[in-house]
Amino acid sequence: MKVNGQHTRTIWVEPDGATVGTIDQTLLPHRYATIRLATLEDAAHAIKAMQVRGAPLIGATAAYGVALALRQDGCDAALERAYATLIATRPTAINLKWALDEMTAAVRNRPRADRVAAAYRRAGEIADEDVAINAAIGRHGLALIEAIAARKAGAPVNVLTHCNAGWLATVDWGTATAPIYQAHDRGLPIHVWVDETRPRNQGASLTAWELGQHGVAHTVIPDNTGGHLMQHGEVDIAIVGTDRVTAQGDVCNKIGTYLKALAAQDNGVPFYVALPSPTIDFTVSDGVKEIPIEQRDADEVATMTGKTADGRIERVRIVPDGAKVANYGFDVTPARLVTGLITERGVIAASRASLAAAFPERAA
Ligand code: MRU
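If you're wondering where the values come from, they're calculated on a predicted model, not measured in any experiment. (Residues numbered from 1 in each chain as written. Predicted model: local features only at pLDDT ≥ 70, side-chain atom pairs only at ≥ 80, totals over all residues. Heavy atoms only, no water.)

**Student:** I would appreciate a short explanation of the pairing of strand 4 (residues 20-23) in the present structure.
**Tutor:** Each regular strand carries side chains that alternate between the two faces of the sheet. With burial as the criterion, each face of strand 4 is covered, one bearing V20 and T22 and the other bearing G21 and I23. Here strand 3 (residues 11-13) runs beside strand 4; their pairing, made up of 3 bridges, is antiparallel. Looking across to strand 4, one finds that W12 is bridged to G21. Between strand 3 and the antiparallel strand that follows it, strand 4, lie 6 residues; G17 among them carries a positive phi value of about 75°. Here strand 4 runs beside strand 5 (residues 34-37); their pairing, made up of 4 bridges, is antiparallel. By the bridge assignment for strand 5, T22 is matched with I35. (Buried < 20%, exposed > 50% of the residue type's maximum accessible area, 1.4 Å probe, protein only. Helix = DSSP H or I, 4+ residues; strand = E, 2+ residues; numbered from the N terminus. Pairing = 2+ DSSP bridges.)

**Student:** Can you walk me through the sheet that holds strand 16 (residues 330-333) in this structure?
**Tutor:** Pairing between the strands of a sheet comes from backbone hydrogen bonds, and it takes one of two forms, parallel or antiparallel. Spatial strand order, 13-10-11-16: 4 strands in an open sheet with mixed pairing. The open sheet has two free edges, formed respectively by strand 13 (280-281) and strand 16, since each of these has just one partner strand. The strands that helix 9 (residues 257-267) touches are strand 11 (251-254) and strand 16; relative to strand 16, the one it contacts most, it runs at about 30°. (Contact = heavy atoms within 4.5 Å. Axes fitted to C-alpha atoms, helices over the stretch in contact; angles between N-to-C directions.)

**Student:** So what exactly am I meant to see when it comes to the sheet that holds strand 4 here?
**Tutor:** The strand order across the open sheet formed by 3 strands is 3-4-5, and the pairing between neighbours is antiparallel. Strand pairing shows two members of the sheet lacking a second neighbour, strand 3 and strand 5, which therefore form its edges. Each strand of the sheet is rotated relative to its neighbour by a mean of 25°, with strand direction disregarded. Each of strand 3, strand 4 and strand 5 touches helix 2 (residues 55-72); the most contacted strand, strand 3, lies at about 20° to it.

**Student:** I keep staring at the side chain of Q25 and nothing clicks. Help me out?
**Tutor:** The topology assignment puts Q25 in the loop between strand 4 and strand 5. In terms of polar contacts, Q25 uses its side chain to reach the backbone carbonyl oxygen of L168, at 2.7 Å. If sequence neighbours within four positions are ignored, Q25 has contacts with M50, Q51, V52, R53, L57, L168 and L206. (Polar contact = N/O pair within 3.5 Å; in protein donor to acceptor, adjacent residues only side chain to side chain.)

**Student:** It is not clear to me how unusual backbone geometry should be interpreted in this structure. Could you clarify?
**Tutor:** What you tend to see is this: most non-glycine residues have negative phi, and most peptide bonds are trans. Each neighbour pair has its own omega, and for L28 with P29 the value is 10°, a cis peptide bond. Within the element layout of this structure, P29 appears in the loop between strand 4 and strand 5. In this structure, the amide linkage connecting R198 to the following residue, P199, adopts the cis form with an omega of 5°. Within the secondary structure, P199 sits in the loop between strand 7 (190-195) and helix 7 (202-214). The backbone phi angle of N4 is positive, close to 50°, even though this residue is not glycine. Summarising the element assignment, N4 is placed in the loop between strand 1 (2-3) and strand 2 (6-7). We classify N4 as exposed; its relative accessible area is 64%.

**Student:** What is the right way to read the pairing of strand 12 (residues 271-274) from this model?
**Tutor:** Of the two faces of strand 12, the one lined by F271 and V273 and the one lined by Y272 and A274 are each fully buried. Both strand 9 (residues 237-240) and strand 12 contribute to a ladder of 3 bridges, which runs parallel. Paired with V240 across the bridge in strand 12 is V273.

**Student:** Looking at this structure, I do not really get the pattern of salt bridges. What am I missing?
**Tutor:** Opposite charge on two side chains permits them to pair, given that their charged atoms come into close proximity. Evaluation of the coordinates by the stated rule reveals 23 salt bridges. Between R90 and E294 there is a salt bridge, and its shortest N-O distance comes to 2.7 Å. With a gap of 204 residues between them, R90 in the loop between helix 3 (76-87) and helix 4 (95-107) and E294 in the loop between helix 10 (287-290) and helix 11 (299-302) connect regions that are remote in the sequence. Considered together, R90 and E294 belong to a single accessibility category, that of buried residues. The partner of R345 in a salt bridge is E361, and the shortest N-O contact between them spans 2.9 Å. On the criterion of sequence distance, the pair formed by R345 in the loop between strand 17 (340-343) and strand 18 (346-348) and E361 in helix 13 (residues 360-363) is long-range, its members being 16 residues apart. (Salt bridge = Lys/Arg side-chain N within 4 Å of Asp/Glu carboxyl O.)

**Student:** Sorry if this is basic, but what is going on with the packing of helix 4 against helix 5 (residues 112-152) here?
**Tutor:** Helix-helix packing is characterised by the crossing angle of the two axes and by the distance between the axes. At a closest axis distance of 9 Å, the pairing of helix 4 and helix 5 adopts a crossing angle of 140°. One way to sum up the angle between helix 4 and helix 5 is to call them oblique. Viewed along their axes, helix 4 and helix 5 form a crossing whose handedness is right-handed. Contacts between helix 4 and helix 5 pair W98, A99, E102, M103, A106 and V107 from the former with R115, A118, A119, R122, A123, I126 and E129 from the latter. A class-by-class count of the residues in the contact of helix 4 with helix 5 yields 9 nonpolar, no polar and 4 charged. (Parallel < 35°, antiparallel > 145°, perpendicular 65-115°, else oblique. Left-handed = near helix turned anticlockwise from the far one by under 90°. Nonpolar A, V, L, I, M, F, W, Y, C, P; charged D, E, K, R; others polar.)

**Student:** What should I look at first to understand helix 4 in this one?
**Tutor:** Residue pairs spaced three or four apart in an α-helix point in one direction, given the helix's 3.6 residues per turn. With 13 residues, helix 4 extends 18 Å from end C-alpha to end C-alpha; this agrees with the ideal 18 Å at 1.5 Å per step. N95, L96, W98, A99, L100, M103, T104, A106 and V107 are the residues of helix 4 that are buried. Along its buried surface, helix 4 packs onto helix 2, helix 3, helix 5 and helix 13. (Expected span 1.5 Å × (residues − 1).)

What follows is the structure in structure tokens.
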């Protein structure tokens, strides 16, 4: 997608053929800056500190992290250390484990001399596949938006989204945003309600920024606003991303997604989840019971960072000194609240049978 009018991906190999470039998302929206990952530790830090985030981009960064590790040392022990270091960075997005397993399979049975080239090749494929998958998600999701647009006779289609499941969360296109960008590029009138997504504000900071860069009309709303808008017919469709979908179609995504799904159900608003197949975890069924939910630093809730009137970036405390806070990163929306899953192979029901039929090679 575009940054200052120029096409950009979120991750790339630098011209030196070794180090890996990415965008430091902790600085957005007030500053756009790229960083260079040169070591396994750099990659692990970027994921843990959320310089890169979003399930598919976490996976792609981990893949390059393995390549960087093997560049330092190609032995089996180094491969195992890379796996262990990267898997420990964030617990919820299953794309991380998927990518590490793919990388291990790509290099494990090769002689040491071939491993580095094989690792960069597979990491590059993982990145390219993510772009192709998201473009396909966009095409399938576009049909849903077109159907609503046809009913609205020229009035904008109002989409509500939560967190950032945009191109910043992937290698390109985004998942939830891919149908939105494709609709916009085809000239369909579209407007996005962007949940701010406390505590880290991925909606306010990232989704609003990238939609703005691409010229898509949007309005940032406090997280509590969606239900009210739905009651007043101001939301035609909700589309969110996900960090892990279980075999029975439960959807884990950024904290607050579940409440949006409940409000959507109560108001007859279709609630769709866009996902690439590496986000499906066929080893778990009951998302509420089985998916590990990341708990992050209390400071993310107790403080906020923003730009002052004179342009300085400052962090301020918003709760009483000493107040206890909880910071759960994700929640689980049961399959019964999900209207459909927008995948690269089409829009399917959030059910065990549909997931297994659409992705038989993964379900096995
Ligand atoms: O904590 P984050 O910012 O990594 O959480 C991101 C999300 O919850 C996204 O919705 C999800 O990863 C899907 S990204 C296509």
